[in-house]
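# Commentary on secondary and tertiary structure
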Amino acid sequence: MDKYEIIVIGGGHAGVEAAAAASRMGVNTLLVTHKKNTIGEMSCNPAIGGIGKSHLAKEVDAMGGLMARAADLAGIHYRVLNSTKGQAVRATRVQTDRDLYRKAIQLFLEQQDNLTILEASVEDLCLKAGKVTGIFTSEGQTIQCNKTILTTGTFLGGVMHVGADKKPGGRVGDPPSIKLAKKLRELPLKVGRLKTGTPPRLDKNSIDWSKLSPQPGDKPTPLLSYAALPEDRPSQVDCYMTRTNPETHKIIKEHLNESPMYSGAIEGVGPRYCPSIEDKVVRFSDRESHQIFAEPEGLDSDLIYPNGISTSLPLKAQERLVRSISGFEGAKIVRPGYAIEYDYFNPTGLNHTLETCCVQGLYFAGQINGTTGYEEAAAQGILAGINAALSVSGKEPLSLGRHEAYTGVLVDDLVSLGTKEPYRMFTSRAEYRLILREDNADMRLTKRCREMGLVADDLWGLFLTKQATAAKELERLRTEKILPNTKEALSLEKETGEKVRSTKTLKEILKRPKVLYKHLPGKPKKILRNVVDEIEATVKYAGYIERQKTDIRKLQKNENTTIPDSLNYKNVTGLSNEVKQKLSEAKPQSVARASRIPGVTPAAISLLMVHIKKEKKRLVG
């Protein structure tokens, strides 16, 4: 009988990060997946990043993960979103070659020590005395383990819908996990159904590209990974844009009764922030058109991903709506769009380590926790892998706070609040987003993860260089001065309109809104973009950052105020029955986490703090 320290079930974005992280930390790990050749598959859009999402991808990268590196090895179109806004909300988005991305992920895993990959279907978990001890496969194998990480994506009880047609499936070409879903429903966890969808894929040779607007990538072309090299990136291509129109909307309305979302065939809740085209037409009935981005699935692929028209309408209706769109009049649908409905477990049943509260050694990561998106899955996966490995080694778990990482915001939102719809990350969810920028994920996380054995020498060396370069430059800006009426001052005024009326340090000049680092004299000839971002943010947002640090110190005081597991909220004088019920169900581990539960007011927190202090005094006395 085989035995591994950790078994990871599922080869999607959560699974590969979990397996890679655990094995990097020296723990003997098994990754079990239906098909080896689909490990790292991008089931929907072949893109990584975007608002809020690039922050997660870069945090995974800073912790030594795979996603951003694979994206840069496969990236064929890069854009920096919100580039004219502040650095806290800027986000990098990478359109990738689907095949190159999958191959990069698979190569990383093949080269990883302490990792075994098994092609099998898991049908059940072996549980003894409230603890996971192994798995059972459909081939009759029993494999023992100390920890199991479930990253099942949309496969748990997955059902695919195209119009009135529905069939079991985790995605096109892959069967669902029916028996495992049935077994998991027997656990004392709240189970629900969610829905996601994908657009039809179009033959690029059937599109009239002259009617679409080209959308070139950014120049200079950015990178997503801190360790990526520009020369390793493949050729760059344009994406294109078109729009729906009143005729498109008319066709959709005519066929609404055939949509499984509107006929009642689908019970699961769909993603609020990435709705189907049917939802857009109904919810935004005043709009005459919606954007569609025609995105290539790869350099050698004939498939086009029409981002913006996710649908589960019948095929004939899909053909009508597609061909009503400018440039798509003769478009051939290679594969219809579809919706997929699947099981998820409300994440309030998890600890912040992503270990389930009811089964020791069982971790959940990804869409099983109610999230949507590759990046959200990867962030959960790497955290679950790290914590499972730390637990195996008898070490303290890694729990990232809301002030430390978007990953911390993600997990805290899920565990403290739960979700009734697919959860997507946005910068607006982070209270401390000036500190949690995408340019400084390495400064926040890399040193800590290096100590755990997660960060390889190349990334560590780049981090040390960036840290030293930024410190040296900040010191130069603090001490070097610019005088009025000098060549440097006149050049600065010409470029920015900012006049130097008295002697100023370069740091004081950089604080001005119109002045960027590139406008300053004496810069090193070669300096990395993320170093520049670090310098600009440190100088320009110094006052705001200090204010947020003060808020964080207050937060940490409450985070450090733990709530005893034995506390009976019924005994807390003054709390309403509603608040007592919410606190009893959520079982927050600290006062700070209790304060983030909807309906738990500041007044309720004050009453809770008083009760905890009284209890501590009573126990000491």
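Residues numbered from 1 in each chain as written. Predicted model: local features only at pLDDT ≥ 70, side-chain atom pairs only at ≥ 80, totals over all residues. Heavy atoms only, no water.

### Considerations on the packing of helix H3 (residues 67–74) against helix H4 (residues 98–110)
H4 packs onto H3 with a crossing angle of 135 degrees between their chain directions and a minimal axis gap of 8 Å. Viewed along their axes, H3 and H4 adopt a mutual orientation that is oblique. Crossing hand, H3 versus H4: right-handed. Each of Met 67, Arg 69, Ala 70, Ala 71, Leu 73 and Ala 74 in H3 lies in contact with H4, whose residues at this interface are Leu 100, Tyr 101, Ala 104, Ile 105 and Phe 108. Each residue belonging to the contact of H3 with H4 can be placed in one class, and the counts come to ten nonpolar, no polar and one charged. (Axes fitted to C-alpha atoms, helices over the stretch in contact; angles between N-to-C directions. Helix = DSSP H or I, 4+ residues; strand = E, 2+ residues; numbered from the N terminus. Parallel < 35°, antiparallel > 145°, perpendicular 65-115°, else oblique. Left-handed = near helix turned anticlockwise from the far one by under 90°. Contact = heavy atoms within 4.5 Å. Nonpolar A, V, L, I, M, F, W, Y, C, P; charged D, E, K, R; others polar.)

### So, the sheet that holds strand E13 (residues 201–203)
Spatial strand order, E14-E15-E16-E17-E13-E18: six strands in an open sheet with antiparallel pairing. Either end of the sheet is taken by a strand with one partner, and the two such strands are strand E14 (213–215) and strand E18 (333–335). Here the average twist between neighbouring strands, direction ignored, is 40 degrees. Bridge count between E13 and strand E17 (residues 303–307): two bridges; the pairing is antiparallel. By the bridge assignment, Leu 202 is partnered in E17 with Ile 304. (Pairing = 2+ DSSP bridges.)

### Looking at the pairing of strand E15 (residues 239–243)
Bridging between E14 and E15 involves three bridges; their strand directions are antiparallel. Among the inter-strand pairings, Pro 214 is bridged to a residue of E15, identified as Tyr 240. Note that E15 and strand E16 (residues 291–296) share four bridges and pair antiparallel. Bridge pairing in E16 links Arg 243 to Gln 291.

### Some thoughts on the environment of Pro 347
With respect to the secondary-structure elements, Pro 347 resides in the loop between strand E19 (338–345) and strand E20 (362–364). On the accessibility criterion, Pro 347 (1% relative accessible area) is buried. Residues Pro 347 and Phe 364 lie 17 residues apart in sequence; the distance between their C-alpha atoms is 8.6 Å. Dropping the residues within four chain positions of it, Pro 347 is found in contact with Asn 369, Leu 414, Val 415, Gly 418 and Thr 419. (Buried < 20%, exposed > 50% of the residue type's maximum accessible area, 1.4 Å probe, protein only.)

### Topic: the domain arrangement of the protein
One can read the domain layout of the protein as domain 1 (6–153 + 355–451), domain 2 (201–339), domain 3 (468–545) and domain 4 (561–620). Listed per partner, the contact involves six residues of domain 1 and five residues of domain 4. Roughly 420 Å² of surface becomes buried between domain 1 and domain 4 when both sides are summed, with 48% attributable to carbon and sulfur atoms. It is Asp 412, Ser 416 and Leu 417 that lose the most area in domain 1 upon contact with domain 4, and together they represent 71% of the buried surface on that side. In this structure, Arg 596 and Asp 412 form a salt bridge, with 2.3 Å as the shortest nitrogen-oxygen distance. Where domain 1 packs against domain 4, one counts two residue pairs in polar contact (both at pLDDT 80 or more). Its residues assigned to classes, the side of domain 1 that touches domain 4 comprises one nonpolar, two polar and three charged. (Domains from an automatic or database assignment. Buried area = accessible area lost by both parts, 1.4 Å probe. Salt bridge = Lys/Arg side-chain N within 4 Å of Asp/Glu carboxyl O. Polar contact = N/O pair within 3.5 Å; in protein donor to acceptor, adjacent residues only side chain to side chain.)

### Remarks on the pattern of salt bridges
Tallied over the full model, the rule gives 40 salt bridges. In this structure, the salt-bridge partner of Arg 79 is Asp 218, at a minimum N-O distance of 3.5 Å. Note that Arg 79 is positioned in strand E4 (residues 75–81) and Asp 218 in the loop between E14 and E15, a separation of 139 residues in sequence. Residue Asp 218 is classed as partly exposed on the basis of its relative accessible area of 22%. Connected via shared salt-bridge partners are Glu 41, Arg 98, Asp 99, Arg 102, Arg 201 and Glu 297.

### Regarding the environment of His 77
Mapped onto the elements, His 77 comes out in strand E4. Here the alpha-carbon distance between His 77 and Val 27, two residues 50 residues apart in the chain, equals 36 Å. Sequence-distant contacts of His 77, that is, excluding residues within four places in its chain, are made with Arg 93, Val 94, Gln 95, Gln 215, Pro 216, Gly 217, Gln 236, Val 237, Asp 238 and Cys 239. Here the side chain of His 77 touches Gln 215 through a polar contact of 2.7 Å, landing on its backbone oxygen. A distance of 3.4 Å separates a polar atom in the side chain of His 77 from the backbone nitrogen of Gly 217.

### With respect to the nonpolar core
Ranked by internal contacts, the top residues of the largest apolar core, which has 108 residues, are Ile 7, Ile 48, Tyr 101, Leu 109, Leu 150 and Ile 386. With eleven residues, helix H10 (residues 374–392) is the largest single contributor of residues to this core. With residues near it in sequence (within four places) discarded, Leu 109 still touches Val 16, Ala 20, Leu 31, Ile 39, Leu 66, Leu 115 and Ile 117. (Core = buried A, V, L, I, M, F, W, Y, C linked by side-chain atoms within 4.5 Å.)

### A few points about the sheet that holds strand E10 (residues 159–162)
Pairing is antiparallel in the open sheet, where four strands are placed in the order E11-E10-E19-E12. One side of each edge strand has no neighbouring strand; the edge strands of this open sheet are strand E11 (165–168) and strand E12 (191–198). Pairs of neighbouring strands in the sheet enclose a mean axial angle of 25 degrees, with direction left out of account. Relative to E19, E10 is paired through three bridges, and the arrangement is antiparallel. The residue of E19 that forms the bridge with Val 159 is Glu 341.

### A look at the packing of helix H12 (residues 441–450) against helix H13 (residues 457–479)
Where H12 contacts H13, the two axes come as close as 11 Å, and the packing angle between them is 135 degrees. On the basis of their axis angle, the class for H12 and H13 is oblique. At the point where H12 passes H13, the crossing takes the left-handed sense. Side by side, H12 and H13 meet where Asp 442, Met 443, Thr 446, Lys 447 and Arg 450 of the first sit next to Asp 457, Trp 460, Phe 463, Lys 466 and Gln 467 of the second. Here the contact of H12 with H13 is built from residues that sort into three nonpolar, two polar and five charged.

### Remarks on the pairing of E17
Sheet topology note: the E16/E17 ladder contains four bridges and is antiparallel. Counted as the bridge partner of Glu 295 is Tyr 305 from E17. What sits between the antiparallel neighbours E16 and E17 is a turn of six residues.

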